[in-house]
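Notes for the structure review
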Amino acid sequence: MDARNGIGGTLTGLDLRAEIDRLRKERNAVILAHYYQKPEIQDIADFVGDSLDLARKAEATDAEVIAFCGVRFMAETAKILSPGKIVVLPDMNAGCSLEDSCPPEQFAAFRAQHPDHIALTYINSSCELKALSDIIVTSSSAEKILAQIPLDQKIIFGPDKNLGGYLARKTGRDMLLWPGVCIVHEAFSETELLKLQLQHPGAPVVAHPECPPYILDHADYVGSTRGILEYALAMPGDTLIVATEPHIIHQMQKAVPDKNFIGAPGADGNCNCNICPYMALNTMEKLYVALRDLEPRIEIEEELRLKAKKSLDAMLSMASATVGMGDLGPVKVTGD
């Protein structure tokens with residue numbers, strides 16, 4: 001039994017889908033699911049999308065409760081934007097390797113060593129890190145935001161060194177990169193990807209910019225989760241190799257079932273290492289319990305929330321509601 005979430009034999013025999021639907025109505029709740037969630041959770045959600053898009057959709061509804069099926073920083077973002085709403089996360093242990101790679105106290109000390117730099121921080125970060133930052137970016141808004149920052153302004157980019165490095169190569173900006181990585185996107189194997197391309201000649205490769213350079217170098221399109229999905233729906237061919245968390249393929253298959261979508265492989269060619277272990281912690285059972293008990297609940301102290309919101313507001317202003325637009329195009333990596 002999962003004592004923390006109250007899950008055990010008491011749920012045996014429940015029609016979870018029906019019970020979740022009942023609680024959704026009773027609680028006046030909206031259920032959000034990130035593209036990386038399991039198919040059954042995506043299928044029961046009111047909205048499926050990327051983290052910021054989901055938080056903004058929830059903000060625009062009259063729901064009193066937000067059940068965010070994603071990871072903790074996503075639920076925190078929803079709470080930052082909707083402080084008057086109850087925000088629950090099915091499993092509070094659903095964290096993020098990027099968030100873990102950048103402890104706020106270490107980042108604060110790093111910033112103090114570079115007082116002439118502004119902090120441009122990826123949204124995949126804790127509320128505390130957002131509060132220490134000047135501007136938040138998403139993978140779809142980062143390039144547009146960078147273009148608005150004066151060329152002589154020194155920049156710290158964190159916590160994802162792969163996204164930061166990609167932006168630096170794409171734009172020519174010299175940035176100090178925090179050395180964090182996403183364990184999912186770091187797991188893709190260049191050797192296995194090349195084997196897969198030989199098996200499917202002519203099939204384009206799409207990749208998230210959290211991937212390391214040796215994967216991005218083989219991509220025909222690099223973009224956010226939403227951008228990758230839009231590319232898949234619009235592509236003229238019938239086969240696509242996808243280098244991001246493979247649960248996004250569920251939405252692709254639903255939209256265009258006649259096409260063949262293949263997840264890029266990990267090191268041994270068939271491991272599950274490209275499935276996010278944090279996203280996988282959320283289950284239908286835990287979603288049911290979260291709606292039933294309104295726990296685990298995201299709570300953010302107001303002073304911290306306002307500091308974090310300031311950096312989010314800077315992004316929203318500079319991106320001018322461009323979520324899902326301006327996805328980064330492919331870049332060929334040269335040198336080391």
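Preceding this section is the structure that the text describes.
Residues numbered from 1 in each chain as written. Predicted model: local features only at pLDDT ≥ 70, side-chain atom pairs only at ≥ 80, totals over all residues. Heavy atoms only, no water.

**A word on the sheet that holds strand 12 (residues 260-263)**
Hydrogen bonds between backbone atoms are what pair the strands of a sheet, whose relative direction is either parallel or antiparallel. As summarised here, the arrangement of the four strands in space is 10-9-11-12, forming an open sheet in which the pairing is parallel. Only two strands of the sheet have a single neighbouring strand rather than two, namely strand 10 (221-222) and strand 12. In this structure, strand 9 (residues 205-207) lies alongside strand 11 (residues 239-243), joined through three bridges in parallel fashion. Along strand 11, the bridge assignment pairs Val 205 with Ile 241. Relative to strand 11, helix 11 (residues 190-199) is tilted by about 175°, and along the sheet it contacts strand 9, strand 11 and strand 12. (Pairing = 2+ DSSP bridges. Helix = DSSP H or I, 4+ residues; strand = E, 2+ residues; numbered from the N terminus. Contact = heavy atoms within 4.5 Å. Axes fitted to C-alpha atoms, helices over the stretch in contact; angles between N-to-C directions.)

**A look at helix 13 (residues 225-234)**
Among the residues of helix 13, Thr 225, Gly 227, Ile 228, Leu 229 and Ala 232 are the ones counted as buried. Each element contacted by the buried residues of helix 13 is listed here: strand 1 (29-34), strand 9, strand 10, strand 11, helix 14 (249-255) and strand 12. (Buried < 20%, exposed > 50% of the residue type's maximum accessible area, 1.4 Å probe, protein only.)

**Here we look at the packing of aromatic side chains**
Under the criterion given, the structure shown has three aromatic pairs. Geometrically, the ring pair formed by Phe 107 and Trp 178 is edge-to-face, given 5.8 Å between the ring centres and 70° between the ring planes. With a gap of 71 residues between them, Phe 107 in helix 6 (residues 104-113) and Trp 178 in the loop between strand 8 (175-177) and helix 10 (183-186) connect regions that are remote in the sequence. Across the pair, exposure class does not vary: Phe 107 and Trp 178 are buried alike. Both rings, one in Tyr 221 and one in Tyr 231, keep their centres 5.1 Å apart while their planes meet at 20°; by these two values the pair is stacked. Linking Tyr 221 in strand 10 with Tyr 231 in helix 13, this pair joins segments that are ten residues apart in sequence. Look at Tyr 221 and you get buried, because its relative accessible area is 14%. Pairwise contacts between aromatic rings join Phe 107, Phe 110 and Trp 178 into one cluster. (Phe/Tyr/Trp six-rings, centres within 6.5 Å; stacked < 30°, edge-to-face > 60°.)

**Here's the deal with the environment of Phe 68**
Along the polypeptide, Phe 68 turns up in strand 3 (residues 65-69). The spatial distance from the C-alpha of Phe 68 to the C-alpha of Phe 47 is 10.0 Å, given a sequence separation of 21 residues. The contacts of Phe 68, once residues within four sequence positions are left out, are Leu 32, Ser 51, Leu 54, Ala 55, Met 74, Ala 75, Ala 78, Val 88, Leu 89 and Pro 90.

**Comments concerning the environment of Ile 136**
The residue Ile 136 is located in strand 6 (residues 135-137) in this model. Residue class for Ile 136 comes out buried when judged on its relative accessible area of 0%. Residues Ile 136 and Val 88, spaced 48 residues apart in sequence, show a C-alpha to C-alpha distance of 23 Å. In this structure Ile 136 touches Thr 121, Tyr 122, Ile 123, Lys 130, Ile 145, Ser 311, Leu 312 and Met 315, once residues within four positions along its chain are discounted.

Spatial relationships are all this shows, so hold off on functional conclusions.
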